[in-house]
Amino acid sequence: MTESEKTHTGGCLCGGVRYRISGALRGVIACHCSQCRRTSGHYAAMTSAPSANIVMTSSGSLAWYRSSDTAERGFCGRCGGNLFWKQAGQDTISITAGTLDTPTNLRVEEHIFVADKSDYYTIDDGVPRKQEW
Ligand SMILES: [Zn+2]
Ligand SMILES: [Zn+2]
C-alpha cells in the first residue's frame, strides 16, 4: 500500500467525534503560539489534510470556536478534546496529531511560533524551529 492509499482514523476521548482521513497526511507541526497553548493545555501538534479527504464518522458533539478573525477550532463539546483547526478560505484542515489512532507513522517536522512558547519547558529534540510561522 502506498502512502497515498493509506487511511487514518481518529477521534476524541469520549468518541463523540470520530473521523476518517484518506490519503497521505502532512508531517506534524508543533505550534507554540498562545492560542494553541490555551486550547491544548501545552502546545498543539498538528498534521493536515485536504478537507475533501476527511469524513466525519461521528460528529454529534463536535463544536467550533472562532478563535480569531481568520480561524476556527473544532473540539468536542462533551469531553473537551481539541481536534481541528481551520483557516477561512483554505481547503485544508489541521488535525491534532494526538487524536489520531496509532500507529500514525508521522513525525514532528517543525516547531513554529517558538517566540510565543511558555517558559516551563525547553525544545531540544533537534527539529527545526521558527520564531513565528
Ligand atoms: Zn469527546
Ligand atoms: Zn498556534
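Data block above holds the structure.
Below or above, wherever it landed, is the structure these notes cover. Computed from a predicted structure; not experimentally measured. For every chain, the first residue of the written sequence is number 1, and numbering continues from 1 along that sequence. Labels are handed out in written order, letters beginning with A for the chains and numbers beginning with 1 for the ligands. Where local features are concerned, this predicted model is filtered to residues with pLDDT of at least 70; where side-chain atom pairs are given and counted, the filter is 80 or more; whole-chain, interface and lining totals use all residues. Each side-chain value is derived from all of the structure's non-hydrogen atoms; neither hydrogens nor water enter the calculation.

Attention shifts here to the coordination of the zinc ion (ligand 1). Metal coordination here is assigned from N, O and S atoms located within 2.8 Å of the ion, or within 3.2 Å for Na, K and Ca; omission of water means that sites may look incomplete. Protein-derived coordination of the zinc ion (ligand 1) comes from Cys12 (SG), Cys14 (SG), Cys76 (SG) and Cys79 (SG), at a distance range of 2.3 Å. Here the zinc ion (ligand 1) binds four donor atoms, and the angle range of 105 to 118 degrees at the metal identifies the geometry as tetrahedral. We note that the donor set of the zinc ion (ligand 1) lies within a single chain, spaced as C-x1-C-x61-C-x2-C. Within this pair, whereas cysteine 14 is found in the loop between β1 (7-11) and β2 (17-22), its partner cysteine 76 is found in strand β7 (residues 71-76), the two being separated by 62 residues in sequence. Each residue's exposure class comes from its accessible area (1.4 Å probe, protein chains only) as a fraction of the maximum for that residue type: buried when under 20%, exposed when over 50%, partly exposed otherwise. For cysteine 76, a relative accessible area of 1% puts it in the buried group. Only four donors with every angle between 85 and 135 degrees are called tetrahedral; only four or six donors with opposite donors over 155 degrees apart and all others between 65 and 115 are called square planar or octahedral, in that order; all others are irregular. In this description a helix means any DSSP run of H or I spanning at least four residues, a strand means any run of E spanning at least two, and both kinds are numbered starting from the N terminus.

Secondary-structure assignment places arginine 26 in the loop between β2 and β3 (28-31). Taking the C-alpha atoms as reference, arginine 26 lies 18 Å from lysine 130; in sequence the two are 104 residues apart. Here, two residues are considered to be in contact whenever any of their heavy atoms come within 4.5 Å of each other. Those residues in contact with arginine 26 that lie beyond four places of it in its chain are Met46, Thr47, Ser48 and Leu106.

Turning our eyes to something else, we now look at the packing of aromatic side chains. Geometry of an aromatic ring pair is reported as the spacing of the ring centres plus the angle between the planes. To pair, rings of Phe, Tyr and Trp, with the six-membered ring standing in for Trp, must have centres within 6.5 Å; the planes then decide the type, stacked if under 30 degrees apart, edge-to-face if over 60, and tilted in the middle. Under the definition given, this model contains four aromatic pairs. The interplanar angle of 20 degrees and the centroid separation of 6.1 Å between the aromatic rings of tryptophan 64 and phenylalanine 84 together place this pair among those described as stacked. On the criterion of sequence distance, the pair formed by tryptophan 64 in strand β6 (residues 62-66) and phenylalanine 84 in strand β8 (residues 82-87) is long-range, its members being 20 residues apart. The exposure class of tryptophan 64 is partly exposed, given its relative accessible area of 32%. Three or more aromatic residues joined by ring pairs form one cluster here, namely Tyr19, Trp64 and Phe84. Seen from the ring of tryptophan 64, lysine 86 lies directly overhead, with NZ or CZ sitting 4.3 Å from the centre. The aromatic ring of tyrosine 121 is capped on one face by lysine 117, whose charged end is 4.4 Å from the ring centroid. Geometrically, a charge over a ring is one whose NZ (Lys) or CZ (Arg) sits within 6 Å of the ring centre while staying within 35 degrees of the ring normal.

Next up on the list: the nonpolar core. We define the nonpolar core as a collection of buried residues of types Ala, Val, Leu, Ile, Met, Phe, Trp, Tyr and Cys that are connected through side-chain atoms lying within 4.5 Å of one another. In this structure, Tyr19, Ile21, Ile54, Leu83, Phe84 and Ile95 are the most contacted members of the largest nonpolar core, which totals 16 residues. The dominant element in this core, judged by the number of residues it contributes, is β2, at three residues. Once you skip the residues sitting within four places of it in the chain, phenylalanine 84 turns out to touch Val17, Tyr19, Met46, Met56, Leu62, Trp64, Glu72, Arg73, Gly74, Ile93, Ser94 and Ile95. If you look at the next biggest cluster of nonpolar residues, it comprises seven residues, including Ile29, Cys36, Ala44 and Met46.

Protein coordination at the zinc ion (ligand 2): the donors are Cys31 (SG), Cys33 (SG) and Cys36 (SG), at 2.1 to 2.3 Å from the metal. Linear spacing of the donor residues for the zinc ion (ligand 2) on their chain is C-x1-C-x2-C. The class of cysteine 31 is buried, set by a relative accessible area of 10%.

Within a beta sheet, neighbouring strands are joined by backbone hydrogen bonds and run either parallel or antiparallel to one another. Two strands qualify as a pair provided that DSSP identifies no fewer than 2 bridges between them. What the seven strands build is an open sheet, ordered β6-β7-β8-β9-β4-β3-β10; its pairing is mixed. In this open sheet, the two strands that pair with only one neighbour each are β6 and β10 (108-112). If you compare each strand with its neighbour and ignore which way they point, the axes differ by 30 degrees on average. Note that β3 and strand β4 (residues 44-50) share three bridges and pair antiparallel. Across the sheet, residue cysteine 31 finds its bridge partner in β4, namely alanine 44. Note on definitions: angles span 0 to 180 degrees between N-to-C directions of axes, and those axes are lines fitted to C-alpha atoms, for helices only across the stretch in contact.

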